[in-house]
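Here is how the chains run, residue by residue.
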Amino acid sequence: MAHAYTPGLKVLQETKVHKDRILPLKGDVVVKQDDQVKPDDIVARTHLPGNVQMLNVGNLLNIDPSDVEATMTKPIGSKFAKGEMIAESKGIFGLFKSHVDAPIDCTLESISSITGQVVLRDAPIPVEVDAYMRGRVSNVYPEEGVVIEADAVFIQGIFGIGGESRGELVVLTETREDELTAEMIKPEHAGKVLVGGSFLSLSAYKKALSLNVAGIVVGGFNYFDLEDVLGYTLGVAITGSEDLVTSLVLTEGYGEIRMGSRTFDLLKQHHGKFTSINGATQIRAGVIRPEIVIPLDPEDIHGEIKAIKTNEGIQAGSMVRVIRAPYFGRIGTVVSLPPELQKMESETMVRVAEVNIDDEVLVIPRANLEMVETD
Amino acid sequence: MAGKELRTILATDCGSTTTKAILIELTDQGYRLKTRGEAPTTVEAPFEDVTKGVLNAIMEVEELSGLKILDGDQIIHPMRDDKTGVDVYVSTSSAGGGLQMMVAGVVKAMTGESAERAALGAGSIVMDVLASNDGRLPHQKIERIRQLRPDMILLSGGIDGGTVSHVVELAEVLAAANPKPRLGQNYKLPVIYAGNKKAQDNIRETLGEITDLDIIENIRPVLEVENLGPARDKIHDLFMEHVMAQAPGYKKLMGWTDAPIMPTPGAVGSLIEMVAKQENISVVGVDIGGATTDIFSVFDGQFNRTVSANLGMSYSVCNVLAEAGLENVLRWVPIDIDEGELTNRIGNKMIRPTTVPQSLEELIIEQAIAREALRLSFIQHKSFAVSLKGVQSQRTISDAFDQSGSGETLVDMMELDLLVGSGGVLSHAPRREQAMRMLIDAFVPEGITQLAVDSIFMMPQLGVMANIENEELAESAKKAAVEVFENDCLIRLGTCIAPAGKPKPGAVMLTAEFDLPGEGKKTIELRTGELIVIPAPYEPIKAILTPAKNMTMGKDKGEALHTEVYGGTVGLILDGRGRPFELSTEKAKRIENLRKWSKSTNEYPESKSLGGA
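In every chain, residue numbers begin from 1 and rise along the written sequence. Chain letters and ligand numbers both follow the written order, the letters beginning at A and the numbers at 1. Residue-level local features of this predicted model are given only where pLDDT is at least 70; pairs of side-chain atoms are given and counted only at 80 or more, and the full residue set underlies all totals for whole chains, interfaces and linings.

1. As for the domain arrangement of chain B
A common way to state how big an interface is: give the accessible area lost once the parts meet.
Residue and element names in this part refer to chain B.
No. 1: What marks off one domain from the next here is an automatic or database domain assignment. For chain B, the domain assignment lists domain 1 (8–95) and domain 2 (98–256).
No. 2: Computed from C-alpha coordinates alone, the two centres of domain 1 and domain 2 are separated by 34 Å.
No. 3: Every contact between the two is made by 12 residues of domain 1 and, on the other side, 9 residues of domain 2.
No. 4: Strands are runs of DSSP state E lasting at least 2 residues, helices are runs of H or I lasting at least 4, and numbering of each runs from the N terminus. Elements supplying a minimum of two residues to the side of domain 1 that touches domain 2: helix 1 (50–65) and strand 6 (88–93). Think of it this way: build a C-beta for each residue from its backbone, and any pair within 7 Å is a contact.

Below, the structure is given as structure tokens:
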């Protein structure tokens, strides 16, 4: 029988985090092995081939496609400035000539004698990759990119929007049950990563956007408010490319759900530290969860750093979180894992776990439990 | 050459999350399913080798069957003795996102649509259809191709001997985009050209260098004929050679199988096509998954498949909500529920896709969403499964009053004989009545329609068995596929009997007389708005069905139908809700009706939230 539980989200107070910083196409790596880097340092750069425009010169000059090449002013591979003449018809006795000008700064890539089309390519687009987090260059892939390594706190969220962002970590709520309200967000929070407890309203998020807050980490947000933020209904959870100044990481899910205590305590412990976050989420095969990385100072590193644990599955004694109604968001300890299938209220026959939640033992489908992975 | 009689067949299906293995054995009652096993698919990190999941699933089969199939990590085949090995091993795959294609044609509604049909029929997801007349400028098309990074491209366009320039122009767009394949950087993108014969040389010149170009017969040699076979076969070959060969572990798996690995939906489609042909019936098959919903149909001997890429029950559940609208999901929910709370719950299902409904309320919501996902997918299917567009037909005076013409949908619900459902929400519904109700409410069958579910989604494995080409194995494997499909694959739910027409409120719309096994004759009057279940086994039952004067059972209005119907685990459902079927827009009335139907069909357990005691 396949394991019927969701792999847990990681909440690690000290671990080695490795981040691949890879170019989309081959280019230049500008740092060396073992260099110490800051989040904004550029580690690699390249140029993407420019966009392409097609122009039907045959039609524009009203000539046969096979004659197009003879009308071109320069050969294939030549550069043209915007407005420069690229082709000119012979006209009649050298008179009544017509011509076609380059619509953009471009390079002439090809000419078709069948259709009369010419292909023009824009100037290359420069692309740079930064280090994302403070750390050491632990590996260099020549021409492709690097791996940055850091001793850090590493926390995964369940869902996020907006891409990579960074700033000083500021915990705004007293407890993990408290809502992060609009009133709590102030102009001095520009460029910072804010932490709240159970909930963030749409108006509070909008205020954060208007004040250029770098990011927010919170327990829950309303699903239907996403439409207002994104401008469309989010149908599948694939995010990260939104152009949002404030990245948002939800640690628990949609609705008002208090943040897990370990997550909240850990964030509180690192109040004031410089933090990198990424809201990019992809819930498909090859799942990507949003993350919070807080690189540690040497004095904060205690003893031996544990590697990220591989998932060993739920056992008696495991700390778990319920991830579906009716006990959604509650955290407890597994008491036992009865092997036989049990009938739920829905009459679904499932494998279950008995979970102690606030001194009450509840029977919950194992598929609706998630390990709280801690170190 | 006489075929070899196969004693045991092992087949696996590598899905994106689960790898399923089935073992089929030759018994005194013909070929039967002996046992099955499953294990998580291991295409992705940390394993990155699909064969590990395959071996795990087979190990479970070994344990349950007592047969020794594995020797280390080798499958023993053919059989060494009664207890060791299997005679044949085959597999399908949809892991790693399945096969993702882009297709192109000159006219979107003609060659573009033919190319799309060929790609879908081969089991692919069609990411986009490019056409000369799709309204996009060349640079927009180029940007789109570069963005999507398909696994392969099917380029068609023009009838043989027609104009060359349009299809060459499309090839130039492709060349300018210089697309890179999704998986692996070290090979050229496969492009299949299936267009105007006259343009082949120009296409070779334009695309031969930068892509891995294959030129095959035109998909639309003349306007009146669609020639999809060669394109489908070529897609299957390239799927194996290029796409699968790039996925981790597949080279090894390809070495194990006795027949090429097929894309999962391609295998299912070919099985449905075969069943429809053998029994000379019209069939609709649906597979509702976590991310996508596939629909297959055979009407008038014509096969069609569509895949609704973002209508599913977990990964894309929110997209169902977005496309259907909250009010359309809510109209199936017989309880009062806060809308904000409901959307958050559905959102949470999307971000935690593997959870199961624990409470009755959660189950009801999930099944309401399923109805909408199925309904929307079927609308897409109906608009795609059409007769060829652009064909001129000779018209007589009698046709002047007939609206049918080219581009008409082939789907005729009155003609539909068998509706097969599969996918977790249908196959694993706690009560079979729920599966039957979801199918009826979403597909709205008319007249007499048999319903079934594929209990453990065996259709992919049976499909690939039916497609084995090796002469020595083909006959036996095909026989096994058909027999297992009949005996073990389908759970026959029963038959829906639904007169079409707009019935008068409270009136008797159908009088049905059945000769029930063990019970004798029984006459039932079906009134407007009723749903009646008559328990009956899966056996032929003589029936006389007489609709009211303004209703029809497929013949003239009011004309009685003498026929045979089949029961099943649920039985016969008489549906008096009329066709077209509409729910009341008044909330209280709608909830009252839903509860009444739920009770009469024994859909949900008695519960306070459903107005019970």
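2. Brief notes about the pairing of strand 13 (residues 283–288) of chain B
Residue and element names in this part refer to chain B.
No. 1: Exposed residues have 12 or fewer other C-beta atoms within 10 Å of their own C-beta, buried residues have 20 or more, and residues in between are partly exposed; the C-beta atoms are placed from the backbone. For strand 13, the tally of buried residues reaches 6 of 6 residues, placing the bulk of the element in the interior.
No. 2: Neither face of strand 13 is exposed, since Val-283, Gly-285 and Asp-287 on one face and Val-284, Val-286 and Ile-288 on the opposite face are all buried.
No. 3: Pairing between two strands is assigned when DSSP locates at least 2 bridges connecting them. Where strand 13 meets strand 14 (residues 293–299), 6 bridges bridge the pair, whose relative direction is antiparallel. By the bridge assignment for strand 14, Ile-288 is matched with Thr-293.
No. 4: A loop of 4 residues connects strand 13 with strand 14, the two strands running antiparallel in sequence.
No. 5: By the bridge criterion, 5 bridges tie strand 13 to strand 16 (residues 418–422) in an arrangement that is parallel. Of the residues in strand 16, the one forming a bridge with Val-286 is Gly-421.

3. A few points about the environment of Ala-507 of chain B
All names here are of chain B.
No. 1: Following the sequence through the fold, Ala-507 ends up in the loop between strand 18 (490–498) and strand 19 (508–516).
No. 2: Given 15 C-beta atoms within 10 Å, Ala-507 falls into the partly exposed group.
No. 3: With 20 residues separating them in the primary sequence, Ala-507 and Arg-527 have C-alpha atoms 5.4 Å apart.
No. 4: The residues contacting Ala-507, other than those within four sequence positions of it, are Arg-527, Thr-528 and Ala-548.

4. Structural notes on the nonpolar core
All names here are of chain B.
No. 1: To form a nonpolar core, buried Ala, Val, Leu, Ile, Met, Phe, Trp, Tyr and Cys residues must be joined through C-beta atoms within 7 Å. Met-101, Leu-154, Leu-174, Leu-271 and Met-465 are the most contacted members of the largest nonpolar core, which totals 277 residues.
No. 2: If you tally residues by element for this core, the top one is helix 12 (residues 360–384), at 10 residues.
No. 3: Beyond its immediate stretch of four places on either side in the chain, Leu-271 contacts Met-459, Leu-462, Gly-463, Ala-466, Ala-481 and Phe-485.

5. Focus: the sheet that holds strand 15 (residues 302–308) of chain B
Residues and elements named next belong to chain B.
No. 1: Taken in spatial order, the 8 strands line up as 15-14-13-16-17-18-24-21 in an open sheet, and their pairing is mixed. Whereas interior strands pair on both sides, the edge strands pair on one side only; in this sheet they are strand 15 and strand 21 (531–534). Strand after strand, the sheet turns through a mean of 20° between neighbouring axes, direction not considered. Note on geometry: axes are lines fitted to C-alpha atoms, helical ones only across the stretch in contact, with angles between N-to-C directions running from 0 to 180 degrees.

6. Considerations on the sheet that holds strand 12 (residues 262–263) of chain B
Residue and element names in this part refer to chain B.
No. 1: Across the sheet, which stays open at both edges, the 5 strands sit in the order 3-2-1-6-12 with mixed pairing between neighbours. Sheet topology places strand 3 (30–40) and strand 12 at the edges, where each strand pairs with a single neighbour.
No. 2: Sheet topology note: the strand 6/strand 12 ladder contains 2 bridges and is parallel. Paired with Thr-92 across the bridge in strand 12 is Met-262.
No. 3: This element, helix 1, spans strand 1 (8–14), strand 2 (18–27) and strand 3 of the sheet and lies at about 130° to strand 3.

7. Side note on the interface of chain A and chain B
No. 1: Each side of the interface is counted separately: chain A has 43 residues, and chain B has 48 residues.
No. 2: Counting only elements with at least two residues in the side of chain A that touches chain B, the list comes to strand 5 (52–56), strand 10 (117–122), helix 4 (223–230), strand 20 (247–254) and strand 28 (360–365) of chain A.
No. 3: Looking at the side of chain A that touches chain B, the element that brings in the most residues is strand 5 of chain A, giving 3 residues.
No. 4: All residues other than Ala, Val, Leu, Ile, Met, Phe, Trp, Tyr, Cys, Pro, Asp, Glu, Lys and Arg, Gly among them, are scored as polar; the first ten of these are nonpolar and the last four charged. Across the side of chain A that touches chain B, the residue classes tally to 24 nonpolar, 15 polar and 4 charged.

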